[in-house]
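# Architecture at a glance
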Amino acid sequence: MCSDLILASNSTSRAKLLRNACVRFKAVNAQVDEEMIKLTLATECTTPRDTADTLAEFKARKVSASHPGALVLGCDQVLDFQGKVFSKPRSCDDARSQLWDLRGNRHQLFSAAVIYRDGQPLWRFIGAARLTMHNFTEAYLNEYLMRNWDGVKHCVGAYKLEGEGVRLFEKVEGDYFTILGMPLVEILSYLTRQGELQR
């Protein structure tokens, strides 16, 4: 079942979530300029929630255009801190600066999913989670990044909740999969309702 599903991404973490759920799919990199899209959306005062949705749609639409008949899943995640969108850190110093800003504060993660077929949108969902960080020390932050930089450098917020990153948090409100970057339960429910996955 669902043998024609395409994940419009080269994200290893999203692919792992689908594989762990025993969903058959293939991954195709959408090759969209996410940073340019974010800059354009920022000049239009687009909300972080809508930015996540737009990025997911760009990916699904682009891959769908070259894969007729396939179900194409586009996903994206945006970190919203006081109305500002945080991108993946460009360097370890950038990650340190981002985490220091988030320290002792609450931020939101928006994880959007959009499904296309034959260039047309069929379904979309945006999950939200709220996370509050501890007032960790600068020494701990430096040690954390020294131990974890290779694993978090491609992560929005420079943390992985499934790893040591969970120690940064005082409170987490929201769906676990949404925090990992894909509203998996809602995606699977849609595919099941459409007969693409067995009940």
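Residues numbered from 1 in each chain as written. Predicted model: local features only at pLDDT ≥ 70, side-chain atom pairs only at ≥ 80, totals over all residues. Heavy atoms only, no water.

## Description of the overall build of the protein
When helices and strands are tallied, the protein shows 7 helices and 7 strands. Written out in order from the N terminus, the α and β elements of the protein read β-α-β-α-α-β-β-α-β-β-α-β-α-α. Computed over the C-alpha atoms, the radius of gyration of the protein is 17 Å, within 12% of the 16 Å expected from 2.2 N^0.38 for a compact globule of 199 residues. Structurally, the protein occupies a C-alpha span of about 50 × 40 × 25 Å along its principal axes. Looking at the 199 residues of the protein, the share that counts as buried comes to 48%. (Helix = DSSP H or I, 4+ residues; strand = E, 2+ residues; numbered from the N terminus. Rg over C-alpha atoms; globule rule 2.2 N^0.38 Å. Buried < 20%, exposed > 50% of the residue type's maximum accessible area, 1.4 Å probe, protein only.)

## Details of the pattern of salt bridges
For the coordinates displayed, the defined rule picks out 13 salt bridges. Arginine 124 is the partner of glutamate 57 in a salt bridge, and the nearest nitrogen-oxygen pair spans 2.3 Å. Placement of glutamate 57 in helix α3 (residues 48-65) and of arginine 124 in strand β6 (residues 120-133) is noted, with a sequence separation of 67 residues between them. Arginine 124 gets classed as partly exposed once you look at its relative accessible area, which sits at 35%. With a shortest N-O distance of 3.8 Å, glutamate 164 and arginine 167 are connected by a salt bridge. On the accessibility criterion, glutamate 164 (18% relative accessible area) is buried. The network of salt bridges with common partners includes Asp4, Arg117 and Glu196. (Salt bridge = Lys/Arg side-chain N within 4 Å of Asp/Glu carboxyl O.)

## Quick notes on the environment of methionine 36
Locating methionine 36 in the fold gives a position in helix α2 (residues 34-43). The exposure class of methionine 36 is partly exposed, given its relative accessible area of 48%. Considered as a pair, methionine 36 and glycine 163 are 127 residues apart in the sequence and their alpha carbons are 30 Å apart.

## A short note on the pairing of strand β3 (residues 71-81)
Counted residue by residue, β3 has 11 buried out of 11 residues, so it is predominantly covered. Both faces of β3 are covered, namely the face carrying Leu71, Leu73, Cys75, Gln77, Leu79 and Phe81 and the face carrying Val72, Gly74, Asp76, Val78 and Asp80. When strand β1 (residues 5-7) meets β3, the two strands line up parallel, connected through 3 bridges. Across the sheet, isoleucine 6 pairs through a bridge with valine 72, a residue of β3. Inspection of the sheet shows β3 paired to strand β5 (residues 106-117) by 10 bridges, in the antiparallel sense. Considered in β5, the bridge of valine 72 is made with tyrosine 116. Of the pairings in the sheet, the one linking β3 to strand β4 (residues 84-86) comprises 3 bridges and is antiparallel in character. Directly across from aspartate 80, in β4, lies its bridge partner valine 85. (Pairing = 2+ DSSP bridges.)

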